[in-house]
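Fold and contact review
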Amino acid sequence: MVSRAPGRVNLIGEHTDYNGGFVLPMAIEFDTVVALSRAKRDRSGRDVVSTVVSEHFGEAMLDHQRDQIDATHWAAYAFGVSRLLDSCGISTGPWRCSVATDVPIGASLSSSAALEVAMAAALLHLAGESWDAVATAQICQRVENEVVGMPCGIMDPLICSSAVQGHASLIDCRSLDIEPRRVVDGSVIAILDTMTRRELVDSAYADRRAACARAADWLAVNALRDAPLDAIDGMPDDLTTERRRARHVITENERTLAAANAMDSGDADALGDLMNASHASLRDDYEVSGPALDTMVAIAQSGPGCRGARMTGGGFAGCALALVDADGAEAFTRSVRDRYRDACGLDADVWLSQPAAGASLIRGGE
Ligand code: GLA
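A few points on the structure. Within every chain, residues take consecutive numbers counted from 1 along the sequence as written. Reporting of local features is limited, given that this is a predicted model, to residues whose pLDDT is at least 70; pairs of side-chain atoms are given and counted only at 80 or more, and all residues count toward the totals for whole chains, interfaces and linings. Each side-chain value is derived from all of the structure's non-hydrogen atoms; neither hydrogens nor water enter the calculation.

**Regarding the overall build of the protein**
Filter applied, for reference: Secondary structure is summarised from DSSP: a helix means a run of H or I of at least four residues, a strand means a run of E of at least two, and numbering begins at the N terminus for each. Partly exposed residues are those whose accessible area sits between 20% and 50% of the maximum for their type, while under 20% is buried and over 50% is exposed, using a 1.4 Å probe and protein chains only. The contact definition used throughout considers only heavy atoms, calling two residues in contact when any of these lie within 4.5 Å. Working definition of accessibility: Shrake-Rupley area with a 1.4 Å probe, residue cover restricted to the visible protein chains.
When you go through the protein residue by residue, the secondary structure sums to nine helices and 13 strands. Here the protein, with 366 residues, has 56% of them falling under the buried criterion. Taking all contacts inside the protein whose residues are at least 6 apart in sequence as the whole, residues at least 24 apart take part in 71%. Within the structure as shown, the protein displays about 14700 Å² of accessible surface, and the carbon and sulfur contribution to it stands at 47%.

As structure tokens, this is what we get:
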């Protein structure tokens, strides 16, 4: 069978998912496609290994009975999904799978969630199980947390599994309610690749998570989503960093809800202003931007027809995004590419993407 899952950009609501907060991502028109079939058993009927091959990264094998999954290997995402499903009693036996993708790798566009969700869609179908976007996203998040060792939240797999074509989704990361919303008519989302990369599996993400947990502890709330902004004023001086992290999360939740309202009322300027404020907060309070992202965002913000711009995803490198008037998008793209080349000496990729649909089965059968 063949299944696909998209990459994503997050319009606003960054580093809020693991704080029980709100995010507003959309799936993009880049997919990871997996073609998967049952592996043959050997003559004695014994289970043989599963094999995954990727046009970019080569081949990997896993003997389900004997092998540990190597968390540092790209195939951990594929094998991890299989193993987690197995541990939930959804067993497929060994399989063979080929992966192809046009989701830029390591660019903060959720290439790993796209692979996990596409694998899950195929394996669930092979096991004869029904598809549930939320349960699938929870399994994929566990793969990241428990197999790969990346303590990420639910946003990426959940938008990859559940997105509705033509819409972004306002997601409440506590209740896991998903509300599809149209992006403002007459505007398009430009994805701006700085062409810089940083691995997500690093300590900076875990550090931010830990600082948020300490802030929530001090504020005596379950998660920063529950803290009012003025409560952080009382935090002591030895928690200055935690106070700034908390200020980002609390104000970002407010901005995300306001952004959903701006989208509902078709107010591109209000949405753009919120995106600009989000970037400043991520740069100054949360400290997850980086020189290339800051340069790209500043160039985009002053570009023709731009209503607002910000970094997207975990941060430090990878992609930014901009809300741009649809009728001037070509001029915006040219101007950003030229000015970014002058500033950084790099040829940025710029894509205009409509909101795409979440994961789907392209072809059933075995
Ligand atoms: C990464 C993580 C997400 C989320 C974002 C930041 O993409 O995978 O869970 O925390 O960073 O918003």
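**Some thoughts on the packing of aromatic side chains**
Stated precisely, the cut-off is as follows: Two rings belonging to Phe, Tyr or Trp (six-membered ring only in the last case) form a pair when the distance between their centres is within 6.5 Å. Interplanar angles under 30 degrees mark stacking, angles over 60 mark edge-to-face geometry, and anything in between is tilted. Note on geometry: a ring has a charge over it if NZ (lysine) or CZ (arginine) is within 6 Å of the ring centre and within 35 degrees of the ring normal.
Counted by the stated rule, this structure contains four aromatic pairs. Judged by centre distance (5.1 Å) and plane angle (80°), the rings of Phe-30 and Trp-351 are edge-to-face. In this pair, Phe-30 is assigned in strand 3 (residues 25-38) and Trp-351 in strand 12 (residues 349-353), connecting sequence segments 321 residues apart. Look at Phe-30 and you get buried, because its relative accessible area is 13%. Ring geometry for Phe-79 and Trp-95: centres 5.7 Å apart, planes at 35°, overall tilted. Remark: Trp-95 occurs in strand 6 (residues 95-101) and Phe-79 occurs in helix 1 (residues 76-87); sequence separation between them is 16 residues. Given a relative accessible area of 3%, Phe-79 falls into the buried group. The ring of Phe-316 is capped by Arg-198, whose NZ or CZ atom sits 4.5 Å from the centre of that ring.

**Let's talk about the sheet that holds strand 7 (residues 168-172)**
Keep this limit in mind: Two strands are said to pair when DSSP picks up at least two bridges between them.
Taken in spatial order, the three strands make up an open sheet running 2-7-8, and their pairing is antiparallel. What marks the edges here is a single partner per strand, and that holds for strand 2 (22-23) and strand 8 (178-181). Relative to strand 7, strand 2 is paired through two bridges, and the arrangement is antiparallel. Across the sheet, residue Val-23 finds its bridge partner in strand 7, namely Ile-171.

**Some remarks on the pattern of salt bridges**
Note the cut-off: By convention in these notes, a salt bridge is any Lys or Arg side-chain nitrogen within 4 Å of a carboxyl oxygen on Asp or Glu.
The full count for this structure, using the stated rule, is 22 salt bridges. Where Asp-264 meets Arg-181, a salt bridge forms, and the shortest distance between an N and an O atom there is 2.5 Å. Taken together, the residues span a long stretch of sequence, with Asp-264 in helix 6 (residues 240-264) and Arg-181 in strand 8 at a distance of 83 residues.

**Comments concerning the sheet that holds strand 11 (residues 319-325)**
The test is simple: Orientation is described by axes fitted as lines to C-alpha atoms, over the contacting stretch for helices, and by angles from 0 to 180 degrees between their N-to-C directions.
On the basis of which strands lie adjacent, the open sheet formed by four strands has the order 10-11-9-12 and antiparallel pairing. Two strands bound the open sheet, and with one partner strand each, they are strand 10 (306-311) and strand 12. Across this sheet, the average inter-strand angle for adjacent strands is 20°, counted without regard to direction. As paired strands, strand 9 (residues 187-193) and strand 11 are joined by seven bridges and run antiparallel to one another. From the neighbouring strand, Ile-189 faces strand 11, where its bridge partner is Leu-323. Across the sheet, helix 7 (residues 268-284) touches strand 9, strand 10 and strand 11, and the angle it forms with strand 10 is around 25°. The strands that helix 8 (residues 291-301) touches are strand 9, strand 10 and strand 11; relative to strand 10, the one it contacts most, it runs at about 175°.

**So, the packing of helix 5 (residues 203-219) against helix 6**
As a reminder of what qualifies: Here the angle decides the label: under 35 degrees means roughly parallel, over 145 means roughly antiparallel, 65 to 115 means roughly perpendicular, and every other value means oblique. Three categories are distinguished: nonpolar for Ala, Val, Leu, Ile, Met, Phe, Trp, Tyr, Cys and Pro, charged for Asp, Glu, Lys and Arg, and polar for the others, with Gly belonging to the last.
Direction vectors running N to C along helix 5 and helix 6 enclose 95°, while the axes themselves pass 9 Å from each other. Judged by the inter-axis angle, helix 5 sits roughly perpendicular to helix 6. Contacts between helix 5 and helix 6 involve Arg-208, Ala-211, Cys-212, Arg-214 and Ala-215 from the first element and Glu-242, Arg-245, Ala-246 and Val-249 from the second. In the contact of helix 5 with helix 6, the residues fall into five nonpolar, no polar and four charged.

Distances and angles like these do not, on their own, reveal function.
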